[in-house]
Amino acid sequence: MQAPVAPKNRLEFLNTRPPPNYVAGLGRGATGFTTRSDIGPARAAPDLPDRSAGAGAPAGPSGVGRGRGKDEEEEEEAEDKGYDENQKFDEFEGNDVGLFASAEYDEEDKEADAVWDEIDKRMDSRRKDRREARLKEEIEKYRASNPKITEQFADLKRKLVTLSAAEWDSIPEIGDYSLRNKKKRFESFVPVPDTLLEKARQEKEHVTALDPKSRAVGGTETPWAQTPDLTAVGEGRGTVLSLKLDRLSDSVSGLTVVDPKGYLTDLKSMKITSDAEISDIKKARLLLKSVIQTNPKHPPGWIAAARLEEVAGKIPTARELIKRGCEECPKNEDVWIEACRLANPDEAKAVIARGVKAIPNSVKLWMHAAKLEHDDANKSRVLRKGLENIPDSVRLWKAVVELANEDDAKLLLQRAVECCPLHVELWLALARLEKYDAAKKVLNKAREKLPKEPAIWITAAKLEEAFGNTSMVGKIIERGIRALQREGVEIDREAWMKEAEAAERAGSVATCNAIISNTIGIGVEDEDRKATWVADAEECKKRGSIETARAIYSCAIAAFKSKKSVWLKAAQLEKAHGTRESLDALLRKAVTYTPQAEVLWLMGAKEKWLAGDVPAARHILQEAYAAIPKSEEIWLAAFKLEFENNEPERARMLLAKARERGGTERVWMKSAIVERELGNSSEERRLLDEGLKLFPSFFKIWLMLGQLEERLGNLPQAKEAYELGLKQCPNSTPLWLSLANLEERMSGLSKVRAVLTMARKRNPHFPELWLAAIRAESRHGSKKEADILMAKALQECPNSGILWAAAIEMAPRPQRKTKSSDAYKKCEHDPHVIAAIGKLFWHDRKVDKARTWLNRAVTLAPDVGDFWALLYKFELQHGTEDQQKEVMRKCIAAEPKHGERWQPISKAVENSHQPVEAILKKLVVALGKEEKAAEDNKHQ
């Protein structure tokens, strides 16, 4: 078979090498082009032979196409234009840089360039400020957006100055956290050889025999390889400690025992004399030696040199130096006191004696000399010797009077006021020691010597009050203020009020009242008097100055007799800190000037009722009715007085009169309550029906009607009453809750869900409705549904304390702490959350914390009886009898009226007239039963 013939390649020239300088298409004029803006002047065409000539002809001159050469054309064009287009491009001049290259640069060109340079400088200076401001602003903006690390931590670095040395040392080292050190290295463990164990055993054993090498030389050579005994090192440290204690016992002051409390501090202050410290001491010694030699009359130099030697432990040298200092500076008291300190106790008196001889007018030296004496007689003798030299020293007179008995003190003070007539304390001390007549003379003399001193007038008033002349107290203070004003003394109201409080603390109540009555209005504008005086009285009450506050309120009442608020504040002060008689007198006076103030009448009647004087309370209410015949509050107060004192007929009669006079919905409600207490259901229903006709939007009457039907067993009628009430009052939470409870008894969980869902749609932000739905699900075992409802409820009412408290109780035990933390962040001051956290501490047996939190709850909401019951139950379990009594007393004083568990017990028919104490105990019993039932459900 014949082999196939390979096809002949028709384009053989493609495989051949092109001739030199070959450019395809150049012969027919198809050349590429570029612009000067890209690469500058165009390139010259390559030197190619003319294709029109024969093959053997020599190559002609280079050209473009078939024309003449490019260089010749460019030269001719350049000659015509006067410049070369192929010159170098200048970034400022452009291609025109060579326009005047051939011209000469003469003086006129130089002058023109100088002129233009000046113009450029002038224009640049005009824009310089704006340009620099703009540049500075840009730099600041850049630095603000891109701060350096040093700038970011500048404030923190400044705070490092507050770090103590201990805090600085406690900063941990950063360590090496590079990645290469985090790589886990392969660790291999091999058995320990026996030789290593044997060597360790030999190192730990104690050698009791001499080493053979040392035995050979008589025991004088120390074995070099023996390990030191750590026990001996510890004993050596104990020896050093005992030596230091011995050094402390022989101190400069001559003590022979060690201070049991301060010896550790003294040990710490003693420095170890290392070579560096010895060198420092030597340098300081040379420096101080130069000081005392160049200026021997400079006392601090001698004192510093002596203290340096004392620190170095050279007490004799220190004493010698300070002795020379006393010789060089005999008139400086600090040098003598330092010499006395460094001297032995036996020599100290002699040193201070030389000092007072050299400086007899130095009070400091005489006082120091008195301190060196041990008995009062010698101290008094030294001080009197000092007074002979310095008779006008108040400090010495005070010191000597303090050491004297009463008779000697009186004589000394008589001499003291002669020598120091301008010192008020000496005059006042003398007046206190003198009898009445002599004290008056002393104060009169003091007033002549010190006419601008207010303390003298106040002391005179206290003197009169002490001797029973209370009528003179006000006159003295008034005359004193006038006299001080004549002398140009500015009467500072605040300072005089402080003096009044001081007088009250000293037992001078009349003086306190006189000061307040004469100074309370100084410097106060008329329109600001009421607010300022009430604020002053409240501040005094906070500081415990009750008499001062009472005096301020007396002045305010005198100025504002018709202001109900001032009378009310004064009555509250008397109620808290006064007697029943004073409060009754104040209220009687108040209703005389403000007969239209209902609250004052009611307060007076209540105080009489609490005191057990019911007829007096009735009389006050009758007077109040005569003064304010249209006041419903007085009618209801009279009804309550009769109702609480088991006078139902009187109460019924009062309410009937009030209804006849057109009473409000409260009157009809109270009337129905009376009939309910008496067990008259038909009359109660009649009153409720009449009340609903008059006041259909008052939800409490609807609620009472439904409760009446429930008590009688008419559940459908009760449901109808609640539903009719909700049509009139769709926003009433108690009506919705009552209807839900009734439906739960009648129909079960499904109906309750429907009712509470409708209620939440109408009132989405009422936390009580959410809580009722959650508890309904929990009671029927739907734990998951209850959790879902709780999450939704907290979304709708994120700041509801009762919901957060319920969430804490519903949470599993490990999560309660976290839940309570979240609740406290949301509702920091809500009593329900505070009480729930207190219960957590209670269950964890943290008694003190639980007591603190429960007390906070009753402080925040004293009107809620549930918190009082929790606290009382806690004290019954963990507190003492006194603590239980204190809780009971506070609860009775607070008179709680509200509470989810408190109200059902307090408003029950059988508990209508029970005191607070009985209701509190019943609620505690009910709480115990609830806890027991909850525990039983858990164990089932």
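Bear in mind the structure is a predicted one, so any value in this text is a computation, not a measurement.

## Examining the overall build of the chain
Along the chain, the regular secondary structure elements total 51 helices and zero strands. Counting only residues that meet the buried cut, the chain has 32% of its 940 residues in that class. In the chain, once contacts between residues fewer than 6 apart in sequence are set aside, the share between residues at least 24 apart is 50%.

## Thoughts on helix α26 (residues 493-505)
In this model, α26 (13 residues) spans 19 Å end to end at C-alpha, consistent with the 18 Å of a helix rising 1.5 Å per residue. Buried residues of α26: Arg 493, Trp 496, Met 497, Ala 500, Glu 501, Ala 503 and Glu 504, and no others. Looking down the long axis of α26, one finds its buried residues gathered within 160° of arc, a one-sided arrangement. Counted as exposed and oriented over 90 degrees from the buried face of α26: Lys 498 and Arg 505. On its buried face, α26 is in contact with α24 (454-466), α25 (470-486), α27 (509-519), α28 (529-542) and α29 (546-559).

## Points about the environment of Gln 795
Residue position: Gln 795 is located in helix α43 (residues 783-796). For Gln 795 and His 765, which are 30 residues apart along the polypeptide, the C-alpha to C-alpha distance reads 9.8 Å.

## So, the pattern of salt bridges
All told, the structure shown has 47 salt bridges when counted by the stated rule. Arg 341 is the partner of Glu 338 in a salt bridge, and the nearest nitrogen-oxygen pair spans 2.6 Å. Of this pair, Glu 338 and Arg 341 both sit in helix α16 (residues 333-342), three residues apart, which is roughly one turn of the helix. You can call Glu 338 buried: its relative accessible area is 4%. If you follow the salt bridges from partner to partner, you end up with Arg 307, Glu 310, Glu 338 and Arg 341 in one network.

## Observations regarding the state of the cysteines
On inspection of all chains with the given rule, the structure shows zero disulfides. Not engaged in a disulfide, the cysteine Cys 512 finds its nearest cysteine sulfur in Cys 540; these two sulfurs lie 8.1 Å apart. Residue class for Cys 512 comes out buried when judged on its relative accessible area of 0%.

## So, the environment of Trp 736
Looking at the element boundaries, Trp 736 is found in helix α40 (residues 733-746). Sequence separation between Trp 736 and Arg 760 is 24 residues; the distance between their C-alpha atoms is 9.6 Å.

## Describing the environment of Arg 432
Relative to the helices and strands, Arg 432 resides in helix α22 (residues 424-433). With eleven residues separating them along the chain, Arg 432 and Leu 443 place their C-alpha atoms 9.9 Å apart.

## Observations concerning α27
Considered for burial, the residues of α27 that qualify are Thr 511, Cys 512, Ala 514, Ile 515, Ile 516 and Thr 519. Looking at the buried side of α27, the elements it contacts are α24, α25, α26 and α29.

## Considerations on the confidence of the model for the chain
Overall, the prediction assigns the chain a mean pLDDT of 78, with 80% of residues at 70 or greater. Under a pLDDT of 50 for its full length, residues 1-5 has, in the predicted model, zero contacts with residues more than four places off or in other chains. Counting interchain partners and residues more than four positions distant, the pLDDT-below-50 stretch residues 248-272 has 25 contacts.

## Re the nonpolar core
In this structure, Trp 397, Ile 516 and Ile 552 are the most contacted members of the largest nonpolar core, which totals 129 residues. Among the nonpolar cores identified, the runner-up in size contains 82 residues, and Ala 786, Leu 789, Trp 842 and Ala 857 belong to it.

## Comments concerning a negative patch on the surface
Together, Glu 104, Asp 106, Glu 107, Glu 108, Asp 109, Glu 111, Asp 113, Asp 117, Glu 118 and Asp 120 line one region of the surface with negative charge. Here Glu 118 lies in helix α3 (residues 107-126).

## Examining unusual backbone geometry
With phi around 65°, Arg 845 is a residue other than glycine that occupies positive phi space. Mapped onto the elements, Arg 845 comes out in the loop between α46 (831-843) and α47 (847-860). For Arg 845, a relative accessible area of 59% gives the class exposed.

## A few points about the packing of α16 against helix α17 (residues 345-358)
Two numbers describe how α16 lies on α17: the axes approach to 8 Å, and their chain directions differ by 170°. Between α16 and α17, the crossing angle belongs to the class labelled roughly antiparallel. Packed against α16, whose contacting residues are Trp 336, Ala 339 and Cys 340, the element α17 presents Ala 348, Val 351, Ile 352, Arg 354, Gly 355 and Ala 358 at the interface.

## Considerations on the packing of helix α45 (residues 816-826) against α46
Two numbers describe how α45 lies on α46: the axes approach to 10 Å, and their chain directions differ by 155°. Viewed along their axes, α45 and α46 adopt a mutual orientation that is roughly antiparallel. In the crossing of α45 with α46, the sense of the turn from one axis to the other is left-handed. Residues Arg 816, Ser 820, Ala 823 and Tyr 824 of α45 form the contact with α46, whose own contacting residues are Val 833, Ile 834, Ile 837 and Leu 840. Here the contact of α45 with α46 is composed, by residue class, of six nonpolar, one polar and one charged.

## A word on the side chain of Ser 906
Relative to the assigned elements, Ser 906 resides in helix α50 (residues 902-906). On the accessibility criterion, Ser 906 (18% relative accessible area) is buried. Not counting residues up to four positions away in its chain, the partners in contact with Ser 906 are Asn 911, Ser 912 and Ile 919.

## Here we look at the packing of aromatic side chains
Counting across every chain of the model gives six aromatic pairs. Centroid distance Tyr 824 to Trp 853: 5.6 Å. Interplanar angle 70°. Geometry classified as edge-to-face. Of the two residues, Tyr 824 sits in helix α45 while Trp 853 sits in helix α47, which places them 29 residues apart along the sequence. Ring centres 5.4 Å apart and planes at 90° place the aromatic pair Trp 842 and Phe 874 in the edge-to-face group. One end of the pair, Trp 842, is in helix α46; the other, Phe 874, is in helix α48 (residues 865-878), and 32 residues separate them in sequence. Using a relative accessible area of 6% as the deciding quantity, one classes Trp 842 as buried. We classify Phe 874 as buried; its relative accessible area is 0%. Site record: aromatic cluster; members linked through ring pairs are Tyr 824, Phe 841 and Trp 853. Above the ring of Trp 668, the side-chain terminus of Arg 659 is found at 5.6 Å from the ring centroid. One Lys or Arg, Arg 760, reaches over the ring of Trp 770 and ends 4.7 Å from the middle of that ring.

## Structural notes on a nonpolar patch on the surface
On the surface, Val 115, Trp 116, Ile 119 and Met 123 cluster together to form a nonpolar patch covering roughly 380 Å² of accessible area. By the secondary structure assignment, Met 123 is in helix α3. Using a relative accessible area of 32% as the deciding quantity, one classes Met 123 as partly exposed.

Calculation notes
- Residues numbered from 1 in each chain as written.
- Predicted model: local features only at pLDDT ≥ 70, side-chain atom pairs only at ≥ 80, totals over all residues.
- Heavy atoms only, no water.
- Helix = DSSP H or I, 4+ residues; strand = E, 2+ residues; numbered from the N terminus.
- Buried < 20%, exposed > 50% of the residue type's maximum accessible area, 1.4 Å probe, protein only.
- Contact = heavy atoms within 4.5 Å.
- Expected span 1.5 Å × (residues − 1).
- Arc of directions from axis to C-beta.
- Salt bridge = Lys/Arg side-chain N within 4 Å of Asp/Glu carboxyl O.
- Disulfide = S-S within 2.5 Å.
- pLDDT = per-residue confidence, 0-100.
- Core = buried A, V, L, I, M, F, W, Y, C linked by side-chain atoms within 4.5 Å.
- Patch = residues over 30% accessible without salt bridge, like charges linked within 9 Å, V, L, I, M, F, W, Y side chains within 5 Å.
- Areas by Shrake-Rupley, 256 points an atom, 1.4 Å probe, with all protein chains shown as cover.
- Lys, Arg positive; Asp, Glu negative; His and termini not counted.
- Charge placed at Lys NZ, Arg CZ, Asp CG, Glu CD.
- Axes fitted to C-alpha atoms, helices over the stretch in contact; angles between N-to-C directions.
- Parallel < 35°, antiparallel > 145°, perpendicular 65-115°, else oblique.
- Left-handed = near helix turned anticlockwise from the far one by under 90°.
- Nonpolar A, V, L, I, M, F, W, Y, C, P; charged D, E, K, R; others polar.
- Phe/Tyr/Trp six-rings, centres within 6.5 Å; stacked < 30°, edge-to-face > 60°.
- Lys NZ or Arg CZ within 6 Å of the ring centre and 35° of its normal.

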